[in-house]
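Residue-level listing of the chains:
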Amino acid sequence: MKTTLLTAVLITVLLSWSTGTFSQTVFSIERFPNTYNTSGTVDADGSFTGNQGSWSTVTTSIFNIEVDNTFSNSSPNALRFSVNNSAASATIGNNAATSPTINLAFGACQPPSVALDFNLLVADVENSNTDFTIGLQFFNGATWSTVWSATSDNLNDTYGESNSTWRNISVNVPNTYWSPNFRYRFYATKNATSGSANSTD
């Protein structure tokens, strides 16, 4: 098994609402401008300030969560998850980067739809590996729910083992999340493996 099973980078998150059939308005953008944890130390909880405000991060002893531009083609800065360890960390929320609160209370003027778009870059994604998962969750003020996720194998099937092209992923934000307390978080989980590890940005 290869040492690196997955590298994926998340850069530029857009929250937008639709104002008509072909019209869309961006109302919140995150470009991850500030460097955080550039040394790549595992088990380093903390925070960083982005365009949307203060993000919080939590990691276990096997994961890194970084904001940097050290990965090829990831300039400007990108949010990166990485793991190089055969141990397990399967609980969602134990390795995550959580956005600040974003007000999605639209009042009487409800848009037809709201979407969260993010750009993803993958490299060295191992086929048939389902031990590693990266995902996105939404928070409605009370509970977190997974709205998108992919294993290393899923990413390999969709984008190939390595690809230097940024891919846009759009996720609908249901109106059950249109509240003053909306947040989102990117997370990673990993089952125990016989070899070492995975990484994702």
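The rules behind each value
- Residues numbered from 1 in each chain as written.
- Predicted model: local features only at pLDDT ≥ 70, side-chain atom pairs only at ≥ 80, totals over all residues.
- Heavy atoms only, no water.
- Pairing = 2+ DSSP bridges.
- Helix = DSSP H or I, 4+ residues; strand = E, 2+ residues; numbered from the N terminus.
- Axes fitted to C-alpha atoms, helices over the stretch in contact; angles between N-to-C directions.
- Buried < 20%, exposed > 50% of the residue type's maximum accessible area, 1.4 Å probe, protein only.

(A) Representation of the sheet that holds strand β7 (residues 96-98) in the model. With respect to topology, 6 strands assemble into an open sheet ordered β3-β4-β7-β12-β9-β10, the strand pairing being antiparallel. In this open sheet, the two edge strands, each paired with only one partner strand, are β3 (46-50) and β10 (144-151). For this sheet the average axis-to-axis angle between neighbouring strands, irrespective of direction, equals 20 degrees. Pairing analysis gives 7 bridges linking strand β9 (residues 132-139) to β10, with the strands arranged antiparallel. If you follow Thr-133 over to β10, its bridge partner there is Thr-151.

(B) Structural context of the environment of Thr-59. Residue placement: Thr-59 occurs in the loop between β4 (53-58) and β5 (63-68). For Thr-59, a relative accessible area of 6% gives the class buried.

None of this, on its own, says anything about what the molecule does.
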